[in-house]
Amino acid sequence: MLTYPELAKRALGPYSLVVEVGIALFQFGVCLTYLIFVPDNLYECIYSIFQVRISKLHLLWAMILVEIPLSWIRDIRKLTPTNVIASFLIAFGLCTVLAIAFLQGTESIADPRTGEERLVFMENLSSLKPITESWFLFIGTSFFMMEGSITLIIPLQEAVYLEEDRKRFPNLNRNVTSWICAFYVIFSAIACAAFGQNIQTALTASLQGRLATIVQLAYSIAVILTFPLQAFPAMEVAIRMLNQVTGQDPRGGASEGWKRNIFSTSITIALGVVAVCSIDYLGNVVSILGSLFGIPLALVFPPLMHNNLVKNSSTRVRMTNYGVVLVGFFAMAAASFNTIVTWNVTAE
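Keep in mind it's a predicted model, so treat the numbers as computed, not measured.

A. The state of the cysteines, seen in detail. Under the counting rule described, the total for this entry stands at zero disulfides. C31 takes part in no disulfide bond, and the closest cysteine sulfur to it belongs to C277, at a distance of 17 Å. By relative accessible area, which is 0% here, C31 ends up buried.

B. Layout of a nonpolar patch on the surface. Nonpolar side chains collect at one region of the surface, where M145, L172, V176, I180, F183 and Y184 lie side by side and expose about 500 Å² of accessible area between them. Within the secondary structure layout, Y184 lies in helix α8 (residues 163-195). On the basis of relative accessible area, Y184 is assigned to the partly exposed category, the value being 35%.

C. Molecular detail of the nonpolar core. Formed by 68 residues in total, the largest nonpolar core has its most connected members in Y4, V19, L35, F227, L271, L297 and M305. Top contributing element to this core by residue count: helix α2 (residues 16-50), with 15 residues. Leave out the neighbours within four places in its chain, and L297 touches Y4, V19, G22, I23, F26, I150, T151 and P302.

D. View of helix α7 (residues 147-159). The end-to-end C-alpha distance of α7, which contains 13 residues, comes to 19 Å, matching closely the 18 Å that a straight helix rising 1.5 Å per residue would cover. At I153, α7 shows its maximal kink, close to 50 degrees; a proline, P155, follows between one and four residues later. On the buried face of α7, the contacting elements are α1 (4-12), α2, α6 (137-144), α9 (210-246) and α11 (282-309).

E. Highlighting unusual backbone geometry. Even without being a glycine, Q51 presents a positive backbone phi close to 55 degrees. Among the structural elements, Q51 can be located in the loop between α2 and α3 (56-70). Overall, the relative accessible area of 52% leaves Q51 in the exposed class.

F. The arrangement of the side chain of Q230 in detail. If you trace the backbone, Q230 turns up in helix α9. Under the relative-accessibility criterion, Q230 is labelled buried at 13%. Among all residues touching Q230, those that are not within four sequence positions of it are Q27, V30, C31, Y34 and E147.

G. Looking closely at the packing of helix α4 (residues 80-105) against α8. Packing of α4 against α8 leaves a shortest axis separation of 8 Å and a crossing angle of 40 degrees. Put simply, α4 runs oblique to α8. You can see that α4 and α8 cross each other, and the crossing is left-handed. Note on element contacts: α8 touches α4 through F183, F187, I190, A194 and F195, opposite L94, V97, L98, A101, F102, Q104 and G105. When the residues that make up the contact of α4 with α8 are grouped by side-chain class, the tally is ten nonpolar, two polar and no charged.

H. Broad picture of the environment of L25. Here L25 lies in helix α2. Distance from L25 to T315, taken between C-alpha atoms, is 34 Å for residues 290 residues apart in sequence.

I. Representation of the packing of aromatic side chains within the structure. In the structure shown here, the tally under the stated rule is six aromatic pairs. Taking 6.2 Å as the distance between ring centres and 90 degrees as the angle between the ring planes, the aromatic pair formed by F102 and F121 counts as edge-to-face. Of this pair, F102 sits in helix α4 while F121 is found in helix α5 (residues 120-127), placing the two residues 19 residues apart along the sequence. Classification of F121 as buried rests on a relative accessible area of 14%. Within the aromatic cluster, the residues linked to one another by ring pairs are F26, F144 and F293. Taking NZ or CZ as reference, R53 lies 3.5 Å from the ring centre of Y47, over its face. Above the face of the Y43 ring, K56 is positioned so that its terminal group lies 5.5 Å from the ring centre.

J. Main features of the side chain of D40. Mapped onto the elements of the fold, D40 is located in helix α2. Exposure remark for D40: the relative accessible area of 14% places this residue in the buried category. Ignoring any residue separated from it by four or fewer positions in sequence, one finds D40 in contact with K56, A202 and A205.

K. Region of the structure containing the environment of F337. One can find F337 in helix α12 (residues 315-341). As for F337 and S291, which are separated by 46 residues in sequence, their C-alpha atoms are 9.3 Å apart.

L. Fine view of the pattern of salt bridges. Evaluation of the coordinates by the stated rule reveals five salt bridges. Among the salt bridges present, the one from E6 reaches R10, with a minimum N-O distance of 3.4 Å. Separated by four residues within a single helix, E6 and R10 lie in helix α1, roughly one turn from each other. Of the charged contacts, one joins K56 and D40 as a salt bridge, the two residues approaching to 3.0 Å between their closest N and O atoms. In this pair, K56 sits in helix α3 while D40 sits in helix α2, placing the two residues 16 residues apart along the sequence. A residue is classified by how much of its surface remains accessible, and K56, at 22% relative accessible area, is partly exposed.

The rules behind the values
- Residues numbered from 1 in each chain as written.
- Predicted model: local features only at pLDDT ≥ 70, side-chain atom pairs only at ≥ 80, totals over all residues.
- Heavy atoms only, no water.
- Disulfide = S-S within 2.5 Å.
- Buried < 20%, exposed > 50% of the residue type's maximum accessible area, 1.4 Å probe, protein only.
- Patch = residues over 30% accessible without salt bridge, like charges linked within 9 Å, V, L, I, M, F, W, Y side chains within 5 Å.
- Areas by Shrake-Rupley, 256 points an atom, 1.4 Å probe, with all protein chains shown as cover.
- Salt bridge = Lys/Arg side-chain N within 4 Å of Asp/Glu carboxyl O.
- Helix = DSSP H or I, 4+ residues; strand = E, 2+ residues; numbered from the N terminus.
- Core = buried A, V, L, I, M, F, W, Y, C linked by side-chain atoms within 4.5 Å.
- Contact = heavy atoms within 4.5 Å.
- Expected span 1.5 Å × (residues − 1).
- Bend = angle between axes of the 7 residues up to and from the residue.
- Axes fitted to C-alpha atoms, helices over the stretch in contact; angles between N-to-C directions.
- Parallel < 35°, antiparallel > 145°, perpendicular 65-115°, else oblique.
- Left-handed = near helix turned anticlockwise from the far one by under 90°.
- Nonpolar A, V, L, I, M, F, W, Y, C, P; charged D, E, K, R; others polar.
- Phe/Tyr/Trp six-rings, centres within 6.5 Å; stacked < 30°, edge-to-face > 60°.
- Lys NZ or Arg CZ within 6 Å of the ring centre and 35° of its normal.

Printed below as a string of structure tokens:
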């Protein structure tokens with residue numbers, strides 16, 4: 001089946017290694033955000049239930065201990081049950097967060113200036129700044145949120161069985177993606193209007209009450225279960241590259257299996273070490289990952305691959321592709337630079 005890396009190999013030759021490494025690092029980066037997100041949620045959840053403060057770092061290493069044996073799984077089909085459970089928990093979390101936001105946003109409070117009763121929605125919207133000092137994080141975050149569709153769109157189209165359905169796939173994909181983006185906009189607008197200036201990068205940390213605790217716990221379990229599935233493709237790329245460098249046969253039996261387990265354990269621990277250093281910088285980490293890896297995978301490589309593969313394309317199309325590449329490079333550089341130079345300013 002044709003995949004993004006395979007298409008890059010056909011178009012870019014030996015330079016496709018950059019694409020493959022970029023995809024692997026992007027997926028490992030997503031796993032890194034999981035290691036930051038879950039301890040933050042569990043920290044609030046445990047305090048809400050037991051009134052006990054447990055260090056986020058302790059919760060992080062506890063999660064690492066859970067993820068290490070899960071990273072040893074070599075057949076992705078064995079991750080299907082955990083992925084199904086995680087999907088249900090995430091759907092439950094989304095619906096519940098919207099319900100909490102509506103309940104909180106439709107409460108009435110007194111306007112501090114006039115004493116007039118106003119909805120929380122209206123009060124928070126009127127007090128929100130149109131532009132904040134961390135607005136540029138939006139650029140990288142926008143590309144980070146599409147991390148799945150960027151690399152999966154090609155194999156998804158290839159997996160369509162009937163030729164006529166495959167021809168309809170581009171329009172269907174555009175419609176689905178548009179509706180997903182619309183949902184993101186509506187969801188974030190409702191959340192901002194409901195929680196106002198108190199909204200956190202990890203939205204579940206902005207919630208209060210028993211139902212909020214259930215949501216935090218559900219999301220934490222969902223992300224823990226999703227981690228091995230997200231890491232699996234990147235882990236396979238890393239192990240394949242290791243075997244190429246060392247000249248080892250990946251079918252070497254039990255000894256190779258243990259070497260793979262040791263290698264995957266080392267990567268999981270390395271991600272944990274990075275998470276320790278960035279435990280309070282979830283928004284920054286998401287932005288830098290989207291900037292450094294998401295933007296090139298979405299805006300830089302596809303136009304270059306199109307120009308190399310479609311030799312008979314018009315001059316206008318080729319120049320448009322090069323224009324998109326330049327925009328991608330500029331966006332990547334600008335968003336990455338701004339995220340790095342203001343790293344401590346946007347910490348939580």
